[in-house]
Each structure stands twice: as structure tokens, then as C-alpha cells.
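Listed here are the chains, written in short residue letters.
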Amino acid sequence: MSFPLITDYTNAMRNARSRFNTLNLVPILDDKGAPIILAGNFAAIYKATNKDTGQVVAVKCFIRDMPDLKSRYGAVSTLIARS
């Protein structure tokens, strides 16, 4: 499976009004007007605000396949449910 590049995701975040309209997200921009991003080995994470609640959220966009992603998120979900 082919994934978009970080630059593709960044361009989408710059055009969030049309790309994320149904999610009601507004990217948080740095002082140069670029979306705030943290990038790792498997994903790029953007900082955004939910327009309805004002809550700051993370938008995680995968750039590589993670074969065990479902089990990883399942383990995290189980741990959170126990808290």
C-alpha cells in the first residue's frame, strides 16, 4: 500500500477548510504560517483545534505501513479503559 508523503499531508493541512471541513478542524500554525508538525518513523502528527469545542487535538497521518497497528491501538485502548 502506498502512503502520501509528509508534504502531501502538510499541503492538506494548509487547505484544512476544504480538506477537513466535516471534521471541524483548524490547524494550529507556527509564526511563519505553517502547520505545527512532529514527524516520526511511521507518521506525521499535526496540532489542530476542534472548531466546535475549542479542544486542541492531534491529527495523526501515517506515512508508512504498520502491520501490527491494530494490536498496538487495542493494547492502548485496553490500558486506558482500565484507568
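Scroll up for the structure.
Residues numbered from 1 in each chain as written. Predicted model: local features only at pLDDT ≥ 70, side-chain atom pairs only at ≥ 80, totals over all residues. Heavy atoms only, no water.

Q: Help me understand the overall build of the chain, please; the structure alone is not making it clear to me.
A: When helices and strands are counted, the chain shows three helices and four strands. Moving toward the C terminus, one meets the helices and strands of the chain in the order α-α-β-β-β-β-α. Taken over the C-alpha atoms alone, the chain extends approximately 35 × 30 × 25 Å along its principal axes. Of all intrachain contacts in the chain linking residues separated by at least 6 positions in sequence, the fraction that spans at least 24 positions is 33%. (Helix = DSSP H or I, 4+ residues; strand = E, 2+ residues; numbered from the N terminus. Contact = heavy atoms within 4.5 Å.)

Q: Mind showing me how you'd approach the pairing of strand β4 (residues 56-62) here?
A: On a regular strand, each side chain points to the face opposite its neighbour's, so the side chains alternate between the two faces of the sheet. The pairing of strand β3 (residues 43-50) with β4 spans seven bridges and is antiparallel. Along β4, the bridge assignment pairs Tyr 46 with Val 59. Between the end of β3 and the start of β4, which pair antiparallel, lie five residues, with Gly 54 showing a positive phi angle near 80 degrees. (Pairing = 2+ DSSP bridges.)

Q: Looking at this structure, I do not really get helix α1 (residues 6-14). What am I missing?
A: A turn of α-helix holds 3.6 residues, and therefore any two residues three or four places apart point the same way. Taken as a whole, α1 has its buried residues at Tyr 9, Thr 10, Ala 12 and Met 13. One side of α1 holds all its buried residues, which, seen down the axis, span an arc of 160 degrees. (Buried < 20%, exposed > 50% of the residue type's maximum accessible area, 1.4 Å probe, protein only. Arc of directions from axis to C-beta.)

Q: Is there a simple way to think about the pattern of salt bridges in this case?
A: Opposite charge on two side chains permits pairing when their charged atoms draw close. Per the counting criterion, the structure on display carries one salt bridge. Notably, a salt bridge pairs Asp 68 with Arg 72, separated by 3.3 Å at the nearest N-O pair. You can call Asp 68 partly exposed: its relative accessible area is 35%. Classification of Arg 72 as partly exposed rests on a relative accessible area of 43%. (Salt bridge = Lys/Arg side-chain N within 4 Å of Asp/Glu carboxyl O.)

Q: Explain the pairing of β3 here, please?
A: Direction of pairing for strand β1 (residues 25-27) relative to β3: antiparallel, over a ladder of three bridges. Following the sheet pairing, Pro 27 is matched in β3 by Ala 48. In this sheet, β3 lies alongside strand β2 (residues 37-39) in antiparallel orientation, the contact comprising three bridges. The residue of β3 that forms the bridge with Leu 38 is Ile 45. Linking two consecutive strands that pair antiparallel, namely β2 and β3, is a turn of three residues.

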